[in-house]
Amino acid sequence: MSKTAVLEIEGKKYEFPLEVGSEKELAIDIKQLRGATNGVTTIDPGFKNTGSCKSAITFLDGEQGILRYRGYAIEDLAEKASFLEVSYLLIFGELPTKVQLDKFEQDIKDQSLVDEDVHKILDAFPKNAHPMGVLSSLTSALTAFNPKSVEYSSADDMYKAIVMLMGKFPVLVSWCMRKMKGLPLDFGDVDLGYEENFAMMMFKRPNKQYKASKVVLDALDKLLILHADHEQNCSTSTVRIVGSSHAGLFASISAGISALWGPLHGGANQAVIEMLEAIKNDGGDYEKYIAKAKDKNDPFRLMGFGHRVYKNFDPRAKIIKVAAEQVLNDLGIEDPVLDVAKGLSDVALNDEYFKSRNLYPNVDFYSGIIYRALGIPVEMFTVLFAMGRLPGWIAQWKEMRENKEPIGRPRQLYVGEPLRPYVSIENR
Ligand code: CMC
């Protein structure tokens, strides 16, 4: 028996189909709402109750702390898979065979050279420009350097655009950091593996050999995998909606980067370290800041605690906490800011205020700690998030195009002035 939802408006009943997702979630299909009701719309600021699409990519259950990519548990993927394997899985729907993965990696490498003129664009930015702005601009500029439009009905064309972006993006990410640090740009080494090459482009100094340690590679791999997709969040929805106008892949991803930049989204990892530094500079008394966070008259919040969707625990945080401890141990890092982080989380996790509100450290609390331990400047944290999110954005954009979704165009409830006569300027 098909399920329906009944809506009553001004005494008249309307029936709408109920859709059932693979995890038994229900959604009311209101596609016919305006037509059937003569123009009634819904209001849902922030789209908190609105499913903008059907998607087969990522499943998350905030109450139970579940995150899965294409049906695979994030815990399994973070422990056993590489970032490129996960990228392939997200974009093409299945884990690759060895042959498929090798081809994917080779095709990416073949497309990884960035035009020297992009370098000139980067030169024009001031050294202290925020790297998220720079990354968004350079990604958008890729369209100008690769103007052939993608024929979306051609699998070959799609594939070419995808490997091109997967190849060039790590180069742009590393350039953003090298520019900030005053280091000469590096075009990478295609004889290295994807993550190894990325680490080399990020960290190699011009006067010193560089070989990424296993600790660094493992930590980077985990961080990238944990950030790779998170269903219809702000930046992903941006990528889908920009792409729905049939703007190209690079332009759509560039818009996603701008959306990710904000402190309410990807910028939170930067806010965590800035908060920890402020506490350290104030004498390191984290108990004082726990009290401030609990004080309803104080706007201070513990950055890196709580989550809009995860109300039990953030499964990514569990994994990254272990990785952070490993990185700090293996690199033998002692940093007073990290002591503050540990003190804060130990106290908060045992405090009734935080326990009763289900406020646990989220992924951003620990990711910033690892980035800092690796020597990555705080402004680059969100750029690293973008690097991880790239395959998710690509997968979501590809799904949107393949499903032939209509252009994104929400409605509104107009609450402005009704029609009024124009008043000439001398009579106002
Ligand atoms: N510190 C202190 N109290 C908090 C915090 C916090 N970080 N977060 C929530 N609360 C309290 C809040 O004051 C409220 O208390 P009460 O019930 O007494 O009024 C209660 O917990 C519920 O808070 P809420 O604002 O209704 O929760 P929310 O789901 O709307 O907010 C949040 C989620 C992530 C915006 C919020 O927890 C927060 O501001 N956290 C700090 C910023 C942060 O770390 N953001 C990164 C999120 S992960 C990034 C990603 O996945 O994209």
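Up top is the structure.
Here the structure is a predicted model, which means the values were calculated and not measured.

Caption draft 1: Quick look at the overall build of the protein. On a plain count of helices and strands, the protein comes out with 18 helices and six strands. For the protein, the spread of C-alpha atoms along the three principal axes comes to 75 × 65 × 55 Å. Residues counted as buried form 48% of the 428 residues belonging to the protein. In the protein, 71% of the contacts between residues at least 6 apart in sequence involve partners at least 24 apart. Between the centroid of the 52 positive side chains of the protein and the centroid of its 58 negative side chains there is a distance of 3 Å.

Caption draft 2: Local environment of the nonpolar core. Judged by nonpolar contacts, the single largest core of 117 residues is most densely connected at Tyr69, Leu302 and Ile376. Residues in contact with Tyr69, not counting those within four places in the same chain, are Ile57, Thr58, Ile74, Leu77, Val86, Leu89, Leu90, Ile225, Leu226, His227, Ala228 and Asp229.

Caption draft 3: Spatial organisation of the packing of helix α12 (residues 268-281) against helix α18 (residues 381-402). It is the contact of α12 with α18, at a shortest axis distance of 7 Å, that shows an interaxial angle of 150 degrees. The angle between the axes of α12 and α18 places the two elements in the roughly antiparallel class. Here α12 runs over α18; the crossing is right-handed. The residues of α18 that touch α12, namely those facing Asn269, Gln270 and Ile273, are Phe381, Thr382 and Phe385. Of the residues contributing to the contact of α12 with α18, the split by class is three nonpolar, three polar and no charged.

Caption draft 4: How the structure looks around the site of the ligand. Around the ligand there are 19 residues in total, and Leu302, Gly304, His307, Arg308 and Lys311 lie nearest to it. Note that a nitrogen atom of the ligand is positioned 2.8 Å from one of the backbone N or O atoms of Phe305. Between the ligand and His307 there is a distance of 2.8 Å, counted from an oxygen atom to a side-chain nitrogen or oxygen. For the shell around the ligand, a count of residues per class yields seven nonpolar, five polar and seven charged.

Caption draft 5: Just helix α7 (residues 155-181), in detail. A rise of 1.5 Å per residue sets the reference length of α7, with its 27 residues, at 39 Å; its end C-alpha atoms lie 40 Å apart and thus fit the reference within 8%. Where α7 bends most, at Lys168, the angle is about 25 degrees, and the proline Pro170 comes one to four residues later. For α7, the buried fraction is high: 22 of the 27 residues fall into the buried class. Positive phi appears at Gly182, one or two residues downstream of α7, with a value of about 70 degrees.

Caption draft 6: Seen up close, the sheet that holds strand β3 (residues 26-28). Pairing is antiparallel in the open sheet, where three strands are placed in the order β1-β2-β3. Only two strands of the sheet have a single partner each, and these edge strands are β1 (4-9) and β3. Taking the axes of each pair of neighbouring strands and ignoring which way they run, one obtains an average angle of 35 degrees across the sheet.

Caption draft 7: The arrangement of the pairing of β1 in detail. Where β1 and strand β2 (residues 12-20) come together, six bridges link them in antiparallel fashion. By the bridge assignment for β2, Leu7 is matched with Tyr14. Linking two consecutive strands that pair antiparallel, namely β1 and β2, is a turn of two residues; a positive phi of about 45 degrees is found at Glu10 within it.

Caption draft 8: Structural context of the packing of aromatic side chains. Scanning the entire structure with this criterion turns up 13 aromatic pairs. Measuring from centroid to centroid gives 5.9 Å for Phe305 and Phe354, while their planes differ by 65 degrees, and the two rings are edge-to-face. Of this pair, Phe305 sits in the loop between α13 (286-294) and α14 (315-330) while Phe354 sits in helix α16 (residues 352-356), and the two are 49 residues apart along the sequence. Phe354 carries the same exposure label as Phe305, and that label is buried. Ring centres 5.2 Å apart and planes at 75 degrees place the aromatic pair Phe305 and Phe365 in the edge-to-face group.

Caption draft 9: Up close: the pattern of salt bridges. Scanning the entire structure with this criterion turns up 20 salt bridges. Lys120 is the partner of Asp117 in a salt bridge, and the nearest nitrogen-oxygen pair spans 2.7 Å. Taken together, the residues Asp117 and Lys120, both in helix α5 (residues 116-124) and three residues apart, mark about one turn of the helix. Ionic contacts of the salt-bridge type, sharing partners, join the residues Arg240, Glu399 and Glu405 into one network.

So, how was this worked out
- Residues numbered from 1 in each chain as written.
- Predicted model: local features only at pLDDT ≥ 70, side-chain atom pairs only at ≥ 80, totals over all residues.
- Heavy atoms only, no water.
- Helix = DSSP H or I, 4+ residues; strand = E, 2+ residues; numbered from the N terminus.
- Buried < 20%, exposed > 50% of the residue type's maximum accessible area, 1.4 Å probe, protein only.
- Contact = heavy atoms within 4.5 Å.
- Lys, Arg positive; Asp, Glu negative; His and termini not counted.
- Charge placed at Lys NZ, Arg CZ, Asp CG, Glu CD.
- Core = buried A, V, L, I, M, F, W, Y, C linked by side-chain atoms within 4.5 Å.
- Axes fitted to C-alpha atoms, helices over the stretch in contact; angles between N-to-C directions.
- Parallel < 35°, antiparallel > 145°, perpendicular 65-115°, else oblique.
- Left-handed = near helix turned anticlockwise from the far one by under 90°.
- Nonpolar A, V, L, I, M, F, W, Y, C, P; charged D, E, K, R; others polar.
- Near = heavy atom within 4 Å.
- Polar contact = N/O pair within 3.5 Å; in protein donor to acceptor, adjacent residues only side chain to side chain.
- Expected span 1.5 Å × (residues − 1).
- Bend = angle between axes of the 7 residues up to and from the residue.
- Pairing = 2+ DSSP bridges.
- Phe/Tyr/Trp six-rings, centres within 6.5 Å; stacked < 30°, edge-to-face > 60°.
- Salt bridge = Lys/Arg side-chain N within 4 Å of Asp/Glu carboxyl O.

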